Amino acid sequence: MTATAVAAAPEGRRSALQRYYGLPPAYRLTVRWTFIAVLTGVAFHRSILSLVEVARNGSIGSFVWTVPAAAILVAVAIARRKRTELPIHDRQTDVIVGIMGLGLALMVQGVLLPRYALYFHLLRLDLFAMWLFVSCSAVLLFGLRPVIRFAWVWVMVLLMILTLPYYLVVITLGGGKVAAGTAALLIAGLGAGIAGGPSYRRGALASLAAWVVGFVVLAVIAVFFTDAPVLVYQEVPALTALCVVGLAMFFISRRGQPKRVLDRKVEPLAAKQVWSAVPLVTTAAVALSLFPLPISPISGIFSRPSQYPLANGMPLVAPPGWSTSGAITRIPVNRLYGADAVLVRQRMTADVGSPRWDKYGRPRTVVVDSTVSDESFALVMYPARVLYGLTSARISEVRDVDLGNGVIGNLISVVDDQLLVTWNAMQFAWEDGDLAQRVTMFAVDNHEPEAPFPEPTQNLLPTVRTLITLLFRGNDVLRQSTPTFKDAELLSQFGRALVAAQLGPAP
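Residues numbered from 1 in each chain as written. Predicted model: local features only at pLDDT ≥ 70, side-chain atom pairs only at ≥ 80, totals over all residues. Heavy atoms only, no water.

Asker: Pulling in residues and values, what's your account of the overall build of the protein chain?
Answerer: Scanning the protein chain from N- to C-terminus turns up 20 helices and 8 strands. Out of the 507 residues in the protein chain, the part that is buried amounts to 47%. Restricting the contact set of the protein chain to residue pairs at least 6 apart, pairs at least 24 apart contribute 74%. (Helix = DSSP H or I, 4+ residues; strand = E, 2+ residues; numbered from the N terminus. Buried < 20%, exposed > 50% of the residue type's maximum accessible area, 1.4 Å probe, protein only. Contact = heavy atoms within 4.5 Å.)

Quick look at the structure:
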């Protein structure tokens, strides 16, 4: 809206706009950022509620809450520097960039989220869409030049909200709270380096100081506050390091001078007439708010509470007519599912063969993997496909099977081009207070005693290859369009008997 349009507006409206344009730049800046914040809450209210649930369940994904606080601290440091860009703008460029970014955010929410539905908590692509919306709204309401002035802050936020790299770092460091806190110090190190600039030397020294302070605080928490939630391990060291290093640099740079937080006046906003962009941003926010998240709440994955106390490393009771054959194997999965998490692998063989399950009447063997974790949300974040590294497997749609006693199993058919077998799997999960257990049963179409079964792994690199394949080739390349459920009845009967056996006396 131009100044002429303002003058031609009705008296009431003209006076309101004139009062707005008569406000000091700091107040107008606050109004615009408040507008963006409100629309972000409207557009991504489901994502925000999901992040609250992630933090409430003690997941390492709660590190995301550290990013906006760190970004604000770094942005304040950059705002203290004298403005060097010219107070001009090209509204056509602003609008073109803004529309392209908002359109990309809509595509991420509408196309990529459903494609990666199984890996939603592993990728959190909705946060990338949120970043696109906020940054492009800022371009439309402030202009491209002011946004570019804070380019390193925007880059930092983008890099830090990409959850998969963070999880890879945590797994590489061994998993657990300390590893999660150490990985979160990447935020402090990068943020302090950006805030300490513009010279590379100052930035490097600030980053090094943030790492030192962060590790000291993390060590104190790990020694004296062992039972603190994982969010404390992630937020307190990182934000403390940023605040301490930032204050130290502020006082060092202001030696012998007045200690004012902002010692320069707020320059006039480059993009003054932005009311034409308000309907565009509002429309995009409303459209984004209509896209649902492709997952159910954490409570929805557990069929029912367990009727017996769960414990890490505990084996399952073989159902009547089946016996545990061979040694019970315990495989550490602590990097994915918590410090004491162990996957217990049992081979259960039928006491008597049946021609219904094998044409020669041989006793069938079912492999049962069970994992107890005190991080129940990890069972959602790292689904079974991640645990078994099924990069070359084609998986069918999930079928729900009633296993009795209120337990619902998920049945799938898999063609594994690496093992060169076709197999069916049944999975269910339940919880007991702070612990949760996931049970997966496998039956392969190779009935020989030495038949290969999927092997668990804590390596996420195969998953990364799968994600890249999904991005460029789509879901159809890893999906069975005509699945074969040869052992559906076997697993259904075995699953019902297994559930019933666990609900007896505790093992």
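Now that the structure has been shown, we can carry on.
Asker: Kindly report on the nonpolar core, identifying the contributing residues and their values.
Answerer: Within the largest apolar cluster, 106 residues are counted, with the highest numbers of intra-cluster contacts made by Ile60, Phe133, Tyr166, Tyr337 and Tyr382. By residue number, the principal contributor to this core is helix H8 (residues 125–142), which donates 14 residues. Leu316, Val439, Leu490 and Leu498 belong to the second largest nonpolar core, which has 30 residues in total. (Core = buried A, V, L, I, M, F, W, Y, C linked by side-chain atoms within 4.5 Å.)

Asker: Describe the pattern of salt bridges, naming the residues involved and giving the relevant values.
Answerer: As enumerated under the stated definition, the model contains 6 salt bridges in all. With its nearest N and O atoms 2.8 Å apart, the salt bridge here joins arginine 124 to aspartate 126. Like aspartate 126, arginine 124 is buried. The shortest N-O distance in the salt bridge between arginine 362 and aspartate 358 comes to 3.0 Å. Residue classification places arginine 362 among the partly exposed positions, given a relative accessible area of 29%. (Salt bridge = Lys/Arg side-chain N within 4 Å of Asp/Glu carboxyl O.)

Asker: I'd love a proper account of the packing of helix H11 (residues 163–172) against helix H12 (residues 177–195), names of residues and values included.
Answerer: Viewed as axis vectors pointing N to C, H11 and H12 meet at an angle of 135°, and their least axial separation amounts to 9 Å. When the axes of H11 and H12 are compared, the pair comes out oblique. Once H11 is placed against H12, the crossing between them reads as right-handed. Here Tyr166, Val169 and Val170 of H11 come into contact with H12, specifically with Ala179, Ala180, Ala183, Ala184 and Leu186. Here the contact of H11 with H12 is composed, by residue class, of 8 nonpolar, no polar and no charged. (Axes fitted to C-alpha atoms, helices over the stretch in contact; angles between N-to-C directions. Parallel < 35°, antiparallel > 145°, perpendicular 65-115°, else oblique. Left-handed = near helix turned anticlockwise from the far one by under 90°. Nonpolar A, V, L, I, M, F, W, Y, C, P; charged D, E, K, R; others polar.)

Asker: I'd like to hear about the side chain of glutamine 502, residue by residue, with values.
Answerer: Locating glutamine 502 in the fold gives a position in helix H20 (residues 488–502). Looking at glutamine 502, the relative accessible area reads 1%, which means it is buried. When residues no more than four places from it in sequence are discounted, the contact partners of glutamine 502 are Tyr308, Leu316, Val317 and Trp430.

Asker: A description of the side chain of threonine 371 should follow, citing residues and the corresponding values.
Answerer: Along the polypeptide, threonine 371 turns up in strand E3 (residues 365–373). Looking at threonine 371, the relative accessible area reads 3%, which means it is buried. Those residues in contact with threonine 371 that sit more than four places away from it in its chain are Val333, Tyr337, Val342, Leu343, Ala436, Gln437 and Arg438.

Asker: Please give an account of a nonpolar patch on the surface that cites residues and values.
Answerer: Nonpolar side chains collect at one region of the surface, where Leu208, Val212, Val216, Val220, Val223, Phe224 and Phe225 lie side by side and expose about 710 Å² of accessible area between them. Within the element layout of this structure, valine 216 appears in helix H13 (residues 200–224). For valine 216, a relative accessible area of 49% translates into the label partly exposed. (Patch = residues over 30% accessible without salt bridge, like charges linked within 9 Å, V, L, I, M, F, W, Y side chains within 5 Å. Areas by Shrake-Rupley, 256 points an atom, 1.4 Å probe, with all protein chains shown as cover.)

Asker: Which residues make up the packing of aromatic side chains, and what values go with them?
Answerer: With the rule as written, the count across this model stands at 13 aromatic pairs. Arranged with centres 5.4 Å apart and planes meeting at 70°, the rings of tryptophan 423 and phenylalanine 442 form a pair that is edge-to-face. A residue pair is termed long-range when its members are at least 10 positions apart, and tryptophan 423 in strand E7 (residues 421–432) and phenylalanine 442 in strand E8 (residues 435–444) qualify at 19 residues. Each member of the pair, tryptophan 423 together with phenylalanine 442, is buried. An aromatic cluster of at least three residues, connected via ring pairs, comprises Phe63, Tyr166, Tyr167, Tyr337 and Tyr382. Just above the ring of phenylalanine 142 sits the side chain of arginine 32; from NZ or CZ to the centre is 5.9 Å. (Phe/Tyr/Trp six-rings, centres within 6.5 Å; stacked < 30°, edge-to-face > 60°. Lys NZ or Arg CZ within 6 Å of the ring centre and 35° of its normal.)

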